[in-house]
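Listed below are the residues making up each chain.
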Amino acid sequence: MSWDEAFASRYDEWAAPMTADVGFYVELARTVDGPIVELAVGNGRVAIPVAQAVGRRVIGIDLSPAMLEQARTRAAAAGVDLDLRHGDMRELSLDEPAALVYCPFRSLLHVPTWADRRRTFERVAASLLPGGLFAWNAFAFDHAIASRLDGAHQDTPVPHTLNYAVGDNRVDIILDGGETSSLWWATKNEWLGLIDVAGLELSTLAGGFAGEPFGDDSREYVFVVRRPSSLTDTVWDAARVRSAIAAIVAETESAFDPDSLWPPHPLDEADDEPPLGRTACVYLGAAGVIWALHALERAGVAELGRDWTSVAVSLPERYRREPDFPDQGVVPALMIGEAGILLVAHTLAPSRWQEDWLLKAVRDNVTHPSLELFWGSPGTMLAAHVMYERTGDSSWAEAWNASADHLWAAWDGELWCQDLRGRRRHVLGPAHGFVGNVQVLARGDLLDTERRSELDRRAITAVTTHARRRDGLAQWPPEVEAPRPGRPVTIRTQWCHGAPGIVASLAPLAPGDDELTKLLVAGGELTWLASPLQKGAGLCHGTAGNGYAFLKLFERTGDVLWLHRARAFAMHAIEQVEHATAQQGRGRHTLWTGDPGTALYLNSCLTPSAALPTLDVF
C-alpha cells in the first residue's frame, strides 16, 4: 500500500491533535473578497469549515486521489461547494487569480528541495490577485527534539517510527506497514528568502494560531504574506509620458553600434537556444527598433538625433548575409524574417528592389506549415496588404488572396492547427495562433463579403467555446491540447497568450454583437484584476501589450473607464522601464519585448489610439 493510501485511511487520527489552525484559516478567509485556494487540501478538514464560513466555493488541490475522494464525500455530506483538483502545488495554475491561497498542517514541509519550494512560491505569487494573501504554518525546527526522537517508535496519533537524517534536515515518518513520508525542515531565514525571491511581502509571522509573537522558543511558524498591489498610484500625467518617450528614444539611439546594431538584452536570451548575435528582424531586431523610432517621430512625440534611413535600407542585405537565427537560415516571415525587414526599409526609403524581394517572400511563404503570424503566411499576408495599401498594385492583392485561399482551406475545423517546429497544436493567441489569423483576415476589405461574414461567425463561436468564464471574468488557455509530459498547464495573461491578446485581436470584430462585447469586457476585467505584468513593460508579454486590450475596449465600447485603465498601465510601464534600465545599466532595445514598443504604447495613450504597432498600422 502506498503512503497516500495508508495515510488517507488514518488521516483523521493523524490530524486529531491539530485543531487550532481551522479557526485561524477561517478568520483569514473572512477577510478576503475573491477566490480562495487550499493547497494540500487533504480530506477537507480545513476547506469545509472555510467554505461554510464564507459561503462560497473553495478550490482544493492535492496530489493524493484517496484524500480527494474523502474530501468529496465529506463536502457532499456538509453541503458545501469544494472545487477539488488533483495537482501538484509546484505547478499551481488557476483560471483566475486568487484572493487567498493557504497551505495548512505543515504541508509545505513535504516539498523536498529549495528549487521545489521556490517554484511553489513563485507559482503562488503568480496566482494571486494584487494584494492577495498566502498563508501557511510549519514546525520550527529543533535539532535536539529531532535527535531525541530519531529511531523512536510512537503509538500516537498513529503507530509510526521517526528517522532523522541530519545532513538533509529531513525526518522520515515510517508507518508500521512500511509506508514512508518525509518532512524537509526550513529555517525562518529560508522562509523569508522564499518570500523575497517570489516577490511577496511579509504581513505577519506569529508563533502560534492565536497570534503569539514569534520568538526563540516558538515551535510553530504561522506566516501570512501578501502579493504587492503592483499597480503604481502615480496619476496620469501627459507631460511625464512625453518626457518618458523622449528618454526612451534618446537612450535607444545612444545604444546603437554600426556593427552590432543593438546588442541583445539578457532577458531576450532563451536558455535552450543559441546566444543571439546582432539581429535585424522586426520582433527582436534593428528593423523593429528603427520602425518604432520612425513612428514616434512621425507622431510628433520624438526628435531623432540621426536619420535612420541608411541603416534600414542596409538591413535586408545584412540579414541575407547573416540570418538572425543561423539554424533557420533566411526565412520569409514577417516578425522574425525577411518580409518585415524589407517592409521597414520600404517604409523609410521605398525602392523597386525591395518590392521585388518582398513579393517573392510573400509568395514563397504561402504554404508554410505554421499557419500563424510570426513564421507563417498570415504574417506575410499582412505585409502584402500593407504594400497594396501603399501602392495600389494588384499584384499585392493577388499575393494576399493566394495566401488567404490556402489559409482558408486549412481551416477545416474549429481552429487552425499550427505546426511549430514539428509540434502540432491548436493555439488560441495572436502571436502563434487563431486570433492572429483572424485579425489578419479581417484587416481591411480584401476578404470577400461571404467569407468575411463566415469569419466573424466562426471566430466568435470558437473564442466563446474556449473561454473560461466565471464571476464576470474570462480567460483563455494558450492552446487546446494538454501540455507535454512533465510540463504544467500554464495560463498566461499577456498579449501573446491569454485574455489581453484575445481582446486586442478581436475587439474590432462584429461591433454590433453584444454577446461578443460582454465576453471581451470580461477578458478586459480579468486583465485589469491581474494587474501589470511583472515580466516587464513591453508589448508581447508585458504591461504595454496588456494595456492595448483596454484601448481596444475603449474604442469598441466608448466607456472612458477603459481609457483610464490604459493610462494607469502606461504610468506603471514608465516606472518599469526606468527601474529596469537602472537595474541593468541599459535599456531593452526591441520593438516587441522592449522599450521602443513601450514608448509606442505611451503615445497611443496620449492620442488615444487603439492601433497595435505593425499589426493595425505599419
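The rules behind the values
- Residues numbered from 1 in each chain as written.
- Predicted model: local features only at pLDDT ≥ 70, side-chain atom pairs only at ≥ 80, totals over all residues.
- Heavy atoms only, no water.
- Helix = DSSP H or I, 4+ residues; strand = E, 2+ residues; numbered from the N terminus.
- Rg over C-alpha atoms; globule rule 2.2 N^0.38 Å.
- Buried < 20%, exposed > 50% of the residue type's maximum accessible area, 1.4 Å probe, protein only.
- Contact = heavy atoms within 4.5 Å.
- Areas by Shrake-Rupley, 256 points an atom, 1.4 Å probe, with all protein chains shown as cover.
- Lys, Arg positive; Asp, Glu negative; His and termini not counted.
- Charge placed at Lys NZ, Arg CZ, Asp CG, Glu CD.
- Axes fitted to C-alpha atoms, helices over the stretch in contact; angles between N-to-C directions.
- Parallel < 35°, antiparallel > 145°, perpendicular 65-115°, else oblique.
- Left-handed = near helix turned anticlockwise from the far one by under 90°.
- Nonpolar A, V, L, I, M, F, W, Y, C, P; charged D, E, K, R; others polar.
- Domains from an automatic or database assignment.
- Expected span 1.5 Å × (residues − 1).
- Phe/Tyr/Trp six-rings, centres within 6.5 Å; stacked < 30°, edge-to-face > 60°.
- Lys NZ or Arg CZ within 6 Å of the ring centre and 35° of its normal.
- Pairing = 2+ DSSP bridges.
- Core = buried A, V, L, I, M, F, W, Y, C linked by side-chain atoms within 4.5 Å.
- Salt bridge = Lys/Arg side-chain N within 4 Å of Asp/Glu carboxyl O.

A. Representation of the overall build of the chain in the model. Each helix and strand in the chain was counted, giving 22 helices and 15 strands. Here the C-alpha radius of gyration of the chain, 27 Å, is about what a compact globule of 618 residues would show, namely 25 Å. Overall, the chain is about 90 × 50 × 45 Å in size when its C-alpha atoms are taken along their principal axes. Buried residues in the chain amount to 57% of all 618 residues. Contacts in the chain between residues at least 24 apart in sequence constitute 68% of all its contacts with a sequence separation of at least 6. Only carbon and sulfur atoms are counted for the fraction: they give 51% of the accessible area of the chain, which is about 24,600 Å². Where the 55 positive side-chain charges of the chain centre and where its 80 negative ones centre are 2 Å apart.

B. Up close: the packing of helix 20 (residues 543-557) against helix 22 (residues 595-606). Packing of helix 20 against helix 22 leaves a shortest axis separation of 10 Å and a crossing angle of 25 degrees. It follows that helix 20 is roughly parallel to helix 22 by the angle criterion. Along this stretch, helix 20 crosses helix 22, giving a crossing that reads as left-handed. Taken together, the residues of helix 22 that come into contact with helix 20 (itself represented by Ala544, Gly547, Tyr548 and Leu551) are Thr598, Leu600, Tyr601, Ser604 and Cys605. For the contact of helix 20 with helix 22, the class distribution of residues is six nonpolar, three polar and no charged.

C. Quick peek at unusual backbone geometry. Of the consecutive residues Thr156 and Pro157, the connecting peptide bond is found in the cis state with omega at -5 degrees. As for its position among the elements, Pro157 is in the loop between strand 6 (153-154) and strand 7 (160-165). At the junction of Thr607 and Pro608, the peptide bond is cis and its omega measures out at -15 degrees in the coordinates. Positive phi, normally seen in glycine, also occurs at Ala40, with a value near 55 degrees. Turning to its location among the elements, Ala40 is positioned in the loop between strand 1 (36-39) and helix 4 (47-54). In this structure, Leu261 is a non-glycine residue whose phi angle is positive, near 60 degrees. Inspection of the secondary structure assignment puts Leu261 in the loop between helix 9 (238-254) and helix 10 (286-298).

D. View of the domain arrangement of the chain. Splitting the chain by domain gives domain 1 (5-139 + 188-227), domain 2 (142-185), domain 3 (235-266 + 467-480 + 491-617) and domain 4 (323-466). Between domain 2 and domain 3, the C-alpha centre-to-centre distance is 52 Å.

E. Region of interest: helix 20. Over its 15 residues, helix 20 runs 21 Å from end to end, which matches the ideal 21 Å to within 8%, given 1.5 Å per residue. Across the 15 residues of helix 20, 12 count as buried, placing the element largely inside the fold. Listing the buried residues of helix 20 in full gives Thr543, Ala544, Gly545, Asn546, Gly547, Tyr548, Ala549, Phe550, Leu551, Lys552, Leu553 and Arg556. Buried residues along helix 20 sit against helix 18 (499-506), helix 19 (514-530), helix 21 (560-584) and helix 22.

F. Seen up close, the environment of Ala20. Relative to the helices and strands, Ala20 is located in helix 3 (residues 20-30). On the basis of relative accessibility, which here comes to 47%, the residue Ala20 falls in the partly exposed class. Sequence separation of Ala20 and Phe209 is 189 residues, and the distance between their C-alpha atoms is 6.3 Å.

G. Layout of the packing of aromatic side chains. Summed over the entire model, instances satisfying the criterion amount to 32 aromatic pairs. Between Phe134 and Trp136 the ring centres are 4.8 Å apart and the planes differ by 35 degrees, which places this aromatic pair in the tilted class. Across the pair, exposure class does not vary: Phe134 and Trp136 are buried alike. Each ring, one from Trp528 and one from Phe550, has its centre 6.0 Å from the other, and the planes form 70 degrees; the classification is edge-to-face. With Trp528 in helix 19 and Phe550 in helix 20, this residue pair connects regions lying 22 residues apart in the sequence. For Trp528, a relative accessible area of 24% corresponds to the partly exposed category. Ring pairs connect the aromatic residues Phe121, Phe134, Trp136, Trp191, Phe214, Tyr221 and Phe223, which therefore count as one cluster. Seen from the ring of Phe105, Arg45 lies directly overhead, with NZ or CZ sitting 5.0 Å from the centre. Note that Arg306 overlies the ring of Trp308, its terminal NZ or CZ placed 4.4 Å from the centroid.

H. Geometry of the sheet that holds strand 1. Judged by pairing direction, the sheet is mixed, and its seven strands sit side by side in the order 3-2-1-4-5-11-10 without closing on themselves. Strands with a single pairing partner mark the edges of an open sheet, and in this sheet they are strand 3 (82-86) and strand 10 (201-206). On average, each strand axis in the sheet is tilted by 15 degrees relative to the strand beside it, whichever way the strands run. Along the sheet, helix 3 contacts strand 1, strand 4 (98-103), strand 5 (128-139) and strand 11 (220-226); its crossing angle with strand 5, the most-contacted strand, is approximately 175 degrees.

I. View of the nonpolar core. Formed by 130 residues in total, the largest nonpolar core has its most connected members in Phe434, Leu441 and Trp495. Three or more residues apiece are contributed to this core by two domains, here domain 3 (235-266 + 467-480 + 491-617) and domain 4 (323-466). Apart from the residues lying within four places of it in its own chain, the contact partners of Leu441 are Met381, Trp400, Ala404, Leu407, Trp408, Trp416, Leu447 and Leu455. Within the second largest apolar cluster, 79 residues are counted, among which are Val41, Ile48, Phe105 and Phe121.

J. A look at the sheet that holds strand 6. Within the open sheet, the four strands sit side by side as 6-7-8-9. Their pairing is antiparallel. Edge strands, defined here as strands with exactly one partner in the open sheet, are strand 6 and strand 9 (180-184).

K. A look at the pattern of salt bridges. Taken as a whole, this structure holds 33 salt bridges when the rule is applied. Between Asp405 and Arg451 there is a salt bridge; the shortest N-O distance is 2.9 Å. Placement of the pair is Asp405 in helix 15 (residues 394-410) and Arg451 in helix 17 (residues 449-466), with a sequence separation of 46 residues. Across the pair Glu525 and Arg565 runs a salt bridge whose closest N-O atoms are separated by 3.0 Å. Taken together, the residues span a long stretch of sequence, with Glu525 in helix 19 and Arg565 in helix 21 at a distance of 40 residues. What emerges from the salt-bridge pattern is a single network uniting Arg57, Asp83 and Arg85.

L. Representation of helix 18 within the structure. Burial within helix 18 is extensive, with eight of its eight residues counted as buried. Tucked inside the fold, the buried residues of helix 18 contact helix 16 (434-442), helix 17, strand 15 (473-475), helix 19 and helix 20.

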